[in-house]
Amino acid sequence: MRRRAPLAAVLAGTFAALPISASTEAVPVVDDEPAFATPTTLDRIGRILVPVMINGQGPFRLMVDTGANRTTITTDVARQLGLDYATAPTVVLNGVTGSASVPAVEVARLRAGDLVLDAQQVPVVLPHLISGADGILGVAGLRDKRLIVDFKRDVVRIARSQLTAYGPADGLRIRADRVAGGLLAARVRIGRVRALAVIDTGGQKTLGNRALQEALRADARAQATVYGTTEAVSIGDVAAVPDINIDATVFRNVVVTFGDFHIFDVWSLNEEPALIIGMDVLGAMDTVTIDFRLAEIRLRS
(Lines give C-alpha, C1' and ligand atoms only; values in the text may rest on other atoms or scores of the structure.)
Protein backbone atom coordinates (compact mmCIF):
# COMPACT_ATOMS: atom_id res chain seq x y z
CA MET A 1 0.00 0.00 0.00
CA ARG A 2 1.41 3.38 -0.97
CA ARG A 3 1.97 6.09 1.60
CA ARG A 4 0.68 9.58 0.95
CA ALA A 5 3.40 12.20 1.31
CA PRO A 6 2.60 15.67 2.74
CA LEU A 7 3.08 17.41 -0.59
CA ALA A 8 0.99 18.90 -3.34
CA ALA A 9 2.41 19.72 -6.74
CA VAL A 10 0.88 22.35 -9.00
CA LEU A 11 1.26 22.04 -12.77
CA ALA A 12 -0.58 24.62 -14.82
CA GLY A 13 0.29 23.56 -18.36
CA THR A 14 -2.33 22.72 -20.96
CA PHE A 15 -1.43 20.50 -23.86
CA ALA A 16 -2.53 18.77 -27.03
CA ALA A 17 -1.25 15.45 -28.38
CA LEU A 18 1.32 16.48 -31.02
CA PRO A 19 4.97 15.51 -31.72
CA ILE A 20 7.95 17.36 -30.27
CA SER A 21 11.03 18.98 -31.79
CA ALA A 22 13.69 20.57 -29.58
CA SER A 23 17.38 21.41 -29.43
CA THR A 24 19.62 19.75 -26.82
CA GLU A 25 22.96 21.45 -27.52
CA ALA A 26 24.24 23.69 -24.71
CA VAL A 27 25.63 27.19 -25.22
CA PRO A 28 28.15 28.96 -22.94
CA VAL A 29 27.17 31.44 -20.25
CA VAL A 30 28.58 34.86 -21.06
CA ASP A 31 29.07 36.18 -17.54
CA ASP A 32 30.48 34.76 -14.32
CA GLU A 33 27.27 34.21 -12.39
CA PRO A 34 25.95 30.67 -11.95
CA ALA A 35 23.31 30.20 -14.61
CA PHE A 36 21.65 27.76 -16.90
CA ALA A 37 21.62 28.79 -20.55
CA THR A 38 20.53 26.62 -23.42
CA PRO A 39 19.16 27.02 -26.91
CA THR A 40 15.49 26.22 -27.23
CA THR A 41 12.89 26.03 -29.91
CA LEU A 42 9.15 26.07 -29.49
CA ASP A 43 7.65 22.70 -30.23
CA ARG A 44 4.60 22.34 -32.45
CA ILE A 45 2.24 23.22 -29.64
CA GLY A 46 4.24 26.23 -28.51
CA ARG A 47 6.09 24.85 -25.49
CA ILE A 48 9.66 25.64 -24.40
CA LEU A 49 11.76 22.47 -24.17
CA VAL A 50 15.25 22.41 -22.61
CA PRO A 51 17.86 19.68 -21.92
CA VAL A 52 18.20 18.59 -18.28
CA MET A 53 20.50 15.98 -16.70
CA ILE A 54 18.91 13.81 -13.99
CA ASN A 55 21.09 11.66 -11.71
CA GLY A 56 23.91 12.04 -14.23
CA GLN A 57 21.85 10.66 -17.12
CA GLY A 58 20.32 12.42 -20.09
CA PRO A 59 19.88 15.01 -21.31
CA PHE A 60 16.12 14.72 -21.01
CA ARG A 61 13.75 17.16 -22.69
CA LEU A 62 11.85 19.01 -19.99
CA MET A 63 9.34 21.76 -20.54
CA VAL A 64 10.01 25.06 -18.73
CA ASP A 65 6.81 25.85 -16.85
CA THR A 66 6.39 29.06 -14.83
CA GLY A 67 2.98 27.78 -13.79
CA ALA A 68 4.43 24.73 -12.02
CA ASN A 69 5.96 24.72 -8.55
CA ARG A 70 7.60 21.29 -8.88
CA THR A 71 9.56 19.35 -11.47
CA THR A 72 7.89 16.25 -12.90
CA ILE A 73 9.15 13.29 -14.93
CA THR A 74 7.39 10.61 -16.93
CA THR A 75 7.18 6.90 -16.16
CA ASP A 76 9.52 6.23 -19.12
CA VAL A 77 12.20 8.48 -17.62
CA ALA A 78 11.76 6.94 -14.17
CA ARG A 79 12.32 3.47 -15.62
CA GLN A 80 15.41 4.66 -17.52
CA LEU A 81 16.79 6.11 -14.28
CA GLY A 82 16.03 2.89 -12.39
CA LEU A 83 13.61 4.61 -10.02
CA ASP A 84 10.89 2.39 -8.54
CA TYR A 85 7.76 4.50 -8.89
CA ALA A 86 5.42 1.51 -8.55
CA THR A 87 5.92 1.31 -4.77
CA ALA A 88 6.76 4.98 -4.18
CA PRO A 89 4.70 7.21 -1.86
CA THR A 90 2.03 9.26 -3.56
CA VAL A 91 1.40 12.98 -3.75
CA VAL A 92 -1.55 15.04 -4.91
CA LEU A 93 -0.90 16.53 -8.33
CA ASN A 94 -2.99 19.58 -9.20
CA GLY A 95 -3.37 20.48 -12.86
CA VAL A 96 -5.52 22.88 -14.82
CA THR A 97 -8.39 20.46 -15.23
CA GLY A 98 -8.27 18.35 -12.08
CA SER A 99 -6.19 16.59 -9.45
CA ALA A 100 -4.77 13.09 -9.17
CA SER A 101 -2.77 10.96 -6.76
CA VAL A 102 0.54 10.04 -8.41
CA PRO A 103 3.77 8.40 -7.23
CA ALA A 104 6.71 10.63 -6.29
CA VAL A 105 10.32 9.43 -6.46
CA GLU A 106 13.49 10.82 -4.92
CA VAL A 107 15.88 12.33 -7.47
CA ALA A 108 19.40 12.76 -6.11
CA ARG A 109 20.46 15.52 -8.50
CA LEU A 110 18.87 17.53 -11.26
CA ARG A 111 21.24 19.68 -13.31
CA ALA A 112 20.41 22.27 -15.93
CA GLY A 113 23.72 23.89 -16.83
CA ASP A 114 25.00 25.43 -13.58
CA LEU A 115 21.58 25.19 -11.93
CA VAL A 116 21.73 22.22 -9.55
CA LEU A 117 18.82 20.92 -7.49
CA ASP A 118 19.57 18.14 -4.99
CA ALA A 119 17.28 15.68 -3.21
CA GLN A 120 14.12 16.52 -5.11
CA GLN A 121 10.86 14.62 -4.59
CA VAL A 122 9.52 14.42 -8.13
CA PRO A 123 6.00 13.36 -9.19
CA VAL A 124 5.82 10.74 -11.96
CA VAL A 125 3.17 10.94 -14.68
CA LEU A 126 2.27 9.05 -17.83
CA PRO A 127 3.95 10.37 -21.01
CA HIS A 128 0.72 11.13 -22.87
CA LEU A 129 -0.28 13.63 -20.18
CA ILE A 130 2.57 15.92 -21.24
CA SER A 131 2.39 15.12 -24.94
CA GLY A 132 5.64 13.25 -25.29
CA ALA A 133 8.00 15.54 -23.35
CA ASP A 134 10.24 13.84 -20.77
CA GLY A 135 8.90 15.98 -17.96
CA ILE A 136 8.28 19.46 -16.64
CA LEU A 137 10.89 21.79 -15.17
CA GLY A 138 8.84 23.65 -12.58
CA VAL A 139 10.43 27.02 -11.91
CA ALA A 140 7.79 28.75 -9.79
CA GLY A 141 9.57 27.58 -6.64
CA LEU A 142 12.93 29.13 -7.56
CA ARG A 143 12.53 31.97 -5.09
CA ASP A 144 16.06 33.39 -5.42
CA LYS A 145 16.32 33.03 -9.19
CA ARG A 146 15.21 34.76 -12.35
CA LEU A 147 14.07 33.15 -15.57
CA ILE A 148 14.87 34.78 -18.90
CA VAL A 149 13.16 33.43 -22.01
CA ASP A 150 14.67 35.06 -25.11
CA PHE A 151 12.42 34.10 -27.99
CA LYS A 152 14.36 36.22 -30.47
CA ARG A 153 17.65 34.37 -29.82
CA ASP A 154 16.05 31.03 -28.87
CA VAL A 155 17.76 30.94 -25.46
CA VAL A 156 16.47 30.20 -21.96
CA ARG A 157 18.47 31.26 -18.89
CA ILE A 158 18.00 30.63 -15.20
CA ALA A 159 20.29 32.82 -13.08
CA ARG A 160 20.50 34.50 -9.71
CA SER A 161 17.99 37.24 -9.03
CA GLN A 162 19.17 40.55 -10.46
CA LEU A 163 21.30 42.22 -7.78
CA THR A 164 21.96 45.42 -9.69
CA ALA A 165 19.47 47.84 -11.21
CA TYR A 166 17.69 46.80 -14.36
CA GLY A 167 18.10 49.05 -17.38
CA PRO A 168 15.74 50.04 -20.21
CA ALA A 169 17.10 47.19 -22.34
CA ASP A 170 15.71 44.70 -19.82
CA GLY A 171 12.16 45.60 -20.80
CA LEU A 172 9.07 47.00 -19.17
CA ARG A 173 9.01 46.47 -15.38
CA ILE A 174 5.81 44.98 -13.96
CA ARG A 175 5.33 44.47 -10.24
CA ALA A 176 3.76 41.10 -9.56
CA ASP A 177 1.60 39.59 -6.85
CA ARG A 178 2.50 36.26 -5.26
CA VAL A 179 -0.11 33.55 -5.48
CA ALA A 180 -0.14 29.92 -4.34
CA GLY A 181 3.01 27.84 -4.70
CA GLY A 182 5.37 30.72 -5.39
CA LEU A 183 3.74 31.75 -8.67
CA LEU A 184 3.80 35.37 -9.77
CA ALA A 185 0.83 37.13 -11.32
CA ALA A 186 0.51 40.56 -12.93
CA ARG A 187 -2.32 43.08 -12.69
CA VAL A 188 -3.74 43.63 -16.16
CA ARG A 189 -6.62 45.46 -17.80
CA ILE A 190 -8.77 43.76 -20.43
CA GLY A 191 -10.90 46.44 -22.02
CA ARG A 192 -12.37 48.10 -18.92
CA VAL A 193 -12.04 45.03 -16.70
CA ARG A 194 -9.14 44.66 -14.28
CA ALA A 195 -7.86 41.13 -13.74
CA LEU A 196 -5.00 39.12 -12.29
CA ALA A 197 -2.89 37.26 -14.87
CA VAL A 198 -0.61 34.29 -14.14
CA ILE A 199 2.28 34.07 -16.62
CA ASP A 200 2.42 30.43 -17.70
CA THR A 201 5.11 29.27 -20.14
CA GLY A 202 3.75 25.73 -19.79
CA GLY A 203 0.33 26.60 -21.17
CA GLN A 204 -0.40 26.32 -24.86
CA LYS A 205 -3.47 28.55 -24.72
CA THR A 206 -4.68 31.46 -22.61
CA LEU A 207 -7.42 30.51 -20.14
CA GLY A 208 -9.86 32.59 -18.12
CA ASN A 209 -12.13 31.94 -15.17
CA ARG A 210 -15.89 32.42 -15.16
CA ALA A 211 -15.65 35.65 -13.15
CA LEU A 212 -13.61 37.17 -15.98
CA GLN A 213 -16.02 35.88 -18.62
CA GLU A 214 -18.96 37.42 -16.78
CA ALA A 215 -17.15 40.73 -16.24
CA LEU A 216 -16.30 40.93 -19.95
CA ARG A 217 -19.72 39.63 -21.01
CA ALA A 218 -17.79 37.42 -23.39
CA ASP A 219 -20.17 35.31 -25.44
CA ALA A 220 -18.77 31.98 -26.57
CA ARG A 221 -18.21 31.63 -30.30
CA ALA A 222 -17.16 27.99 -29.94
CA GLN A 223 -16.26 25.39 -27.36
CA ALA A 224 -12.94 23.65 -26.81
CA THR A 225 -11.70 20.64 -24.88
CA VAL A 226 -8.90 21.51 -22.44
CA TYR A 227 -6.37 18.87 -21.39
CA GLY A 228 -4.04 19.15 -18.41
CA THR A 229 -1.48 17.05 -16.55
CA THR A 230 -4.10 14.66 -15.15
CA GLU A 231 -6.64 12.45 -16.90
CA ALA A 232 -9.42 14.98 -16.21
CA VAL A 233 -10.56 17.14 -19.12
CA SER A 234 -12.68 20.30 -19.18
CA ILE A 235 -14.90 21.96 -21.75
CA GLY A 236 -14.40 25.70 -22.15
CA ASP A 237 -16.05 28.58 -23.98
CA VAL A 238 -13.84 30.19 -26.63
CA ALA A 239 -14.24 33.94 -27.10
CA ALA A 240 -12.28 36.91 -28.37
CA VAL A 241 -11.49 39.55 -25.73
CA PRO A 242 -10.65 43.26 -25.83
CA ASP A 243 -7.02 44.37 -25.79
CA ILE A 244 -5.02 43.08 -22.82
CA ASN A 245 -2.99 45.92 -21.29
CA ILE A 246 -0.05 45.20 -19.00
CA ASP A 247 1.20 48.70 -18.26
CA ALA A 248 2.58 49.94 -21.59
CA THR A 249 2.39 46.54 -23.32
CA VAL A 250 -0.76 45.79 -25.29
CA PHE A 251 -1.79 42.37 -26.60
CA ARG A 252 -4.41 42.52 -29.33
CA ASN A 253 -6.66 39.94 -30.96
CA VAL A 254 -6.35 37.51 -28.07
CA VAL A 255 -8.69 34.53 -27.90
CA VAL A 256 -9.38 33.15 -24.41
CA THR A 257 -10.90 29.84 -23.37
CA PHE A 258 -13.15 30.36 -20.33
CA GLY A 259 -14.16 27.60 -17.95
CA ASP A 260 -14.54 26.23 -14.44
CA PHE A 261 -10.92 25.15 -14.31
CA HIS A 262 -9.66 23.31 -11.24
CA ILE A 263 -6.43 25.28 -11.06
CA PHE A 264 -8.27 28.52 -10.25
CA ASP A 265 -9.71 26.77 -7.18
CA VAL A 266 -6.22 25.66 -6.15
CA TRP A 267 -4.93 29.22 -6.46
CA SER A 268 -8.04 30.71 -4.77
CA LEU A 269 -8.63 32.85 -7.86
CA ASN A 270 -12.25 32.04 -8.67
CA GLU A 271 -13.85 35.02 -6.93
CA GLU A 272 -12.08 37.74 -8.95
CA PRO A 273 -11.47 38.02 -12.71
CA ALA A 274 -8.32 36.05 -13.50
CA LEU A 275 -6.60 34.41 -16.43
CA ILE A 276 -3.60 32.29 -17.28
CA ILE A 277 -1.57 33.88 -20.07
CA GLY A 278 -0.14 31.08 -22.20
CA MET A 279 2.38 30.75 -24.98
CA ASP A 280 -0.10 31.87 -27.63
CA VAL A 281 0.36 35.37 -26.15
CA LEU A 282 3.84 35.20 -24.57
CA GLY A 283 5.37 33.91 -27.80
CA ALA A 284 4.70 37.29 -29.40
CA MET A 285 7.32 38.93 -27.13
CA ASP A 286 11.06 39.15 -27.80
CA THR A 287 11.94 38.43 -24.17
CA VAL A 288 10.06 37.50 -21.00
CA THR A 289 11.96 37.81 -17.69
CA ILE A 290 10.56 36.69 -14.34
CA ASP A 291 12.52 37.60 -11.19
CA PHE A 292 11.06 35.48 -8.40
CA ARG A 293 12.98 37.15 -5.56
CA LEU A 294 12.00 40.69 -6.57
CA ALA A 295 8.48 39.60 -7.62
CA GLU A 296 8.91 41.31 -10.98
CA ILE A 297 7.98 40.47 -14.54
CA ARG A 298 9.68 42.17 -17.48
CA LEU A 299 8.41 42.12 -21.04
CA ARG A 300 10.35 43.28 -24.06
CA SER A 301 8.99 43.40 -27.58
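Residues numbered from 1 in each chain as written. Predicted model: local features only at pLDDT ≥ 70, side-chain atom pairs only at ≥ 80, totals over all residues. Heavy atoms only, no water.

### Re the packing of aromatic side chains
Under the counting rule described, the total for this entry stands at 2 aromatic pairs. When the ring of phenylalanine 261 is compared with that of phenylalanine 264, the centres are 6.5 Å apart and the planes differ by 40 degrees; the resulting orientation is tilted. As far as burial versus exposure is concerned, phenylalanine 261 and phenylalanine 264 are alike and both buried. Between phenylalanine 264 and tryptophan 267, the aromatic rings sit 6.5 Å apart at their centres with planes inclined by 85 degrees, giving edge-to-face as the arrangement. When sorted by exposure, phenylalanine 264 lands in the same class as tryptophan 267, which is buried. (Phe/Tyr/Trp six-rings, centres within 6.5 Å; stacked < 30°, edge-to-face > 60°. Buried < 20%, exposed > 50% of the residue type's maximum accessible area, 1.4 Å probe, protein only.)

### Some remarks on the confidence of the model for the protein chain
With 79% of its residues at a pLDDT of 70 or more, the protein chain has an overall mean of 79. Every residue in residues 1-9 is under pLDDT 50, and counting partners more than four places away or in other chains gives 28 contacts. Note on residues 14-45: pLDDT under 50 across the span, and 106 contacts to partners over four residues away in sequence or across chains. (pLDDT = per-residue confidence, 0-100. Contact = heavy atoms within 4.5 Å.)

### Structural notes on the side chain of glutamine 213
The topology assignment puts glutamine 213 in helix H2 (residues 210-216). For glutamine 213, a relative accessible area of 11% corresponds to the buried category. Aside from chain neighbours lying at most four places away, what touches glutamine 213 is Ala218, Asp237 and Phe258. (Helix = DSSP H or I, 4+ residues; strand = E, 2+ residues; numbered from the N terminus.)

### Some thoughts on the environment of valine 256
By the element assignment, valine 256 lies in strand E20 (residues 255-258). Linking valine 256 and leucine 207, residues 49 residues apart in sequence, is a C-alpha distance of 5.4 Å. Contacts of valine 256, omitting those with residues within four sequence positions, involve Thr206, Leu207, Gly208, Asp237, Val238, Ala239 and Val241.

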